[in-house]
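A closer look at the structure
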Amino acid sequence: MTSYSLLSWYLQPSAGTQTWDKMNHNFLRAILLIALIPTALSAQPSSVLLLGEGRDNVMQNWEVPREKWRAQSKWTPSSAGPPPLSIAKAVEASELWLRKRHPDLKKLQVSQIVLRMQSTSGSGTEDGWFYRVEFQPIVAGKKVWGADLVAVVLFDGTLVEPRTEPYTSPRN
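Definitions and limits used
Residues numbered from 1 in each chain as written. Predicted model: local features only at pLDDT ≥ 70, side-chain atom pairs only at ≥ 80, totals over all residues. Heavy atoms only, no water. Helix = DSSP H or I, 4+ residues; strand = E, 2+ residues; numbered from the N terminus. Buried < 20%, exposed > 50% of the residue type's maximum accessible area, 1.4 Å probe, protein only. Contact = heavy atoms within 4.5 Å. Areas by Shrake-Rupley, 256 points an atom, 1.4 Å probe, with all protein chains shown as cover. Phe/Tyr/Trp six-rings, centres within 6.5 Å; stacked < 30°, edge-to-face > 60°. Salt bridge = Lys/Arg side-chain N within 4 Å of Asp/Glu carboxyl O. pLDDT = per-residue confidence, 0-100. Expected span 1.5 Å × (residues − 1). Arc of directions from axis to C-beta.

1. With respect to the overall build of the protein chain
Within the protein chain one finds 4 helices and 7 strands. Within the protein chain, the proportion of its 172 residues that are buried is 25%. Long-range contacts, defined here as pairs at least 24 residues apart, represent 56% of the contacts in the protein chain between residues at least 6 apart. Just so you have it, the protein chain exposes about 11900 Å², and 59% of that area is on carbon and sulfur atoms.

Laid out in structure tokens, this is it:
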């Protein structure tokens, strides 16, 4: 059987029609998948979301450009030695940054310091660590509860500006 007669036999609408339809469908799916792979790979976001917190109808998202994230010093808790940026320097930088943003606050007290890992696996970017430093304002000698002020600090000392947007809590 020549290749032409084999092809014409294959294309005949007979008992093999279901097989042909199935093969044709799978072939089209394969072509579509191959066509979409470059689009999916190039569609990586230009930034890395480090943290998102919502409260009081406001959502704050701390994001950094992908290149900035890649340029950060690599560190893990199992690494020999402390993080590239000391806790003291992270707190100092955070407090200065918050005082510029809220000049009316005279006293701040650190309420929480967290070393956080951001896993970006599957996105083509390595995992990394950063600080989340939280302060409470002190007004008339008393801590103001629920008015937490958060700073996100990268290991190079950069303070990440949050993007603020309206937040609606999920309903049950």
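2. Observations regarding the packing of aromatic side chains
Aromatic ring pairs are described here by two measures, namely the spacing of the ring centres and the angle between the planes. A full pass over the atoms with the stated rule returns 4 aromatic pairs. With a centroid separation of 5.6 Å and 85° between ring planes, the pair formed by Trp75 and Trp129 is classed as edge-to-face. Separated by 54 residues along the polypeptide, Trp75 in the loop between α3 (66–70) and α4 (87–101) and Trp129 in strand β4 (residues 128–139) bring together distant segments of the chain. Every member of this aromatic cluster is reached through a ring pair, and the members are Trp75, Trp129, Tyr131 and Phe155.

3. Re the pattern of salt bridges
Under the definition given, this model contains 7 salt bridges. In this structure, Glu165 engages Arg163 in a salt bridge whose closest nitrogen and oxygen atoms are separated by 2.4 Å. The partly exposed category is assigned to Glu165, whose relative accessible area is 32%. Given the relative accessible area of 39%, Arg163 is considered partly exposed. Among the ionic contacts, a cluster of salt bridges with common partners joins Glu53, Arg132 and Glu134.

4. Comments concerning unusual backbone geometry
Across residues other than glycine, the phi torsion is negative in most instances, and most of the peptide bonds are trans. Unusually for a residue other than glycine, Ala140 sits at a positive phi of about 55°. Looking at the element boundaries, Ala140 is found in the loop between β4 and β5 (142–143).

5. Some details on the environment of Leu105
Here Leu105 shows up in the loop between α4 and β3 (107–118). It is 7.9 Å that separates the C-alpha atoms of Leu105 and Val139, two residues lying 34 residues apart in sequence. Setting aside its immediate chain neighbours within four residues, Leu105 contacts Arg99, Pro137 and Leu149.

6. So, the confidence of the model for the protein chain
When pLDDT drops low, the exact placement of atoms in the prediction is not to be read closely. Per-residue confidence for the protein chain gives a mean pLDDT of 79, with 67% of residues at or over 70. Summarising per-element confidence for the protein chain, the mean pLDDT is lowest in helix α1 (residues 3–11) (46) and highest in α4 (96). Note on residues 3–10: pLDDT under 50 across the span, and 3 contacts to partners over four residues away in sequence or across chains.

7. Quick notes on α4
Given a rise of 1.5 Å per residue, 15 residues ought to cover 21 Å, and the 21 Å separating the end C-alpha atoms of α4 matches this to within 8%. For α4, every residue scored as buried is listed here: Ala90, Val91, Ser94, Trp97 and Leu98. Angularly, the buried residues of α4 cover 135° about the axis, an arc narrow enough to put them on a single face. Opposite the buried face of α4, at more than 90 degrees from it, the exposed residues are Ala88, Lys89, Glu92, Leu96 and Lys100.

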